[in-house]
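Residue-level listing of the chains:
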Amino acid sequence: MLNISDLQSVIIEAIQDKKGQKITIIDLDKIESSPAPAMIICQARSSAQVGAIADNVIDEVSKKLHLKPYASDGFRNAQWIIVDYGSVMVHVFQPEVREFYRIEELWSDGNTVEIPDID
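Every value quoted in this text rests on a predicted model; they were computed, and no experiment measured them. (Residues numbered from 1 in each chain as written. Predicted model: local features only at pLDDT ≥ 70, side-chain atom pairs only at ≥ 80, totals over all residues. Heavy atoms only, no water.)

Caption draft 1: Here's a closer look at the packing of helix α1 (residues 4–17) against helix α2 (residues 47–65). Put simply, α1 and α2 touch, their axes get as near as 8 Å, and they point 140 degrees apart. By the criterion of interaxial angle, the relationship of α1 to α2 is oblique. The hand of the α1/α2 crossing is right-handed. Along its contact with α1, which presents Asp6, Leu7, Val10, Ile11, Glu13, Ala14, Ile15 and Asp17, the element α2 presents Ile53, Asn56, Val57, Glu60, Val61, Lys64 and Leu65. Taken together, the residues of the contact of α1 with α2 sort by class into nine nonpolar, one polar and five charged. (Axes fitted to C-alpha atoms, helices over the stretch in contact; angles between N-to-C directions. Helix = DSSP H or I, 4+ residues; strand = E, 2+ residues; numbered from the N terminus. Parallel < 35°, antiparallel > 145°, perpendicular 65-115°, else oblique. Left-handed = near helix turned anticlockwise from the far one by under 90°. Contact = heavy atoms within 4.5 Å. Nonpolar A, V, L, I, M, F, W, Y, C, P; charged D, E, K, R; others polar.)

Caption draft 2: Spatial organisation of α2. With 19 residues, α2 should reach 27 Å at 1.5 Å per residue; the first-to-last C-alpha distance of 27 Å fits that figure. Every buried residue belonging to α2 is among Gln49, Val50, Gly51, Ile53, Ala54, Asn56, Val57, Ile58, Glu60 and Val61, and all of these are buried. Check the buried side of α2 and you find it contacts α1, β2 (38–43), β4 (80–84) and β5 (88–93). Two residues or fewer past α2, His66 is found with a positive phi of approximately 55 degrees. (Expected span 1.5 Å × (residues − 1). Buried < 20%, exposed > 50% of the residue type's maximum accessible area, 1.4 Å probe, protein only.)

Caption draft 3: Quick peek at the sheet that holds strand β3 (residues 71–73). Taken in spatial order, the six strands of this open sheet run β3-β4-β5-β2-β1-β6, and their pairing is mixed. Two strands lie at the open edges of the sheet, namely β3 and β6 (111–115), each paired on one side alone. Going across the sheet, the axis of each strand differs from the next one's by a mean of 15 degrees, ignoring polarity. Pairing between strand β1 (residues 21–27) and β6: five bridges, direction antiparallel. Note on β6: the bridge partner recorded for Ile26 is Thr112. (Pairing = 2+ DSSP bridges.)

These figures capture arrangement, not role.
Here it is, written out as structure tokens:
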């Protein structure tokens, strides 16, 4: 059985490998209306970097955990890509799109952990 913390660790490493910034984990396990028990949100400087981060998440999770996403969307414009693993939803944003949608505020009743940027 897959451990959600193992999945989160692989996702965070994959984001950091491609220089993703402002990584936030939101624990939604106790919120009935949430689409997943956890969300990982990050941002990138350009649409190319958004795509590279999402691709790396998919590749690394597949390679290390032998798990494919249930769904993914947003690769065409690469302003906001979502990768859905069922237990964890990964959101990769360009900064202005992240600011516009403010997902952290929408799910503010979940427990939030911010991961320091790697410089």
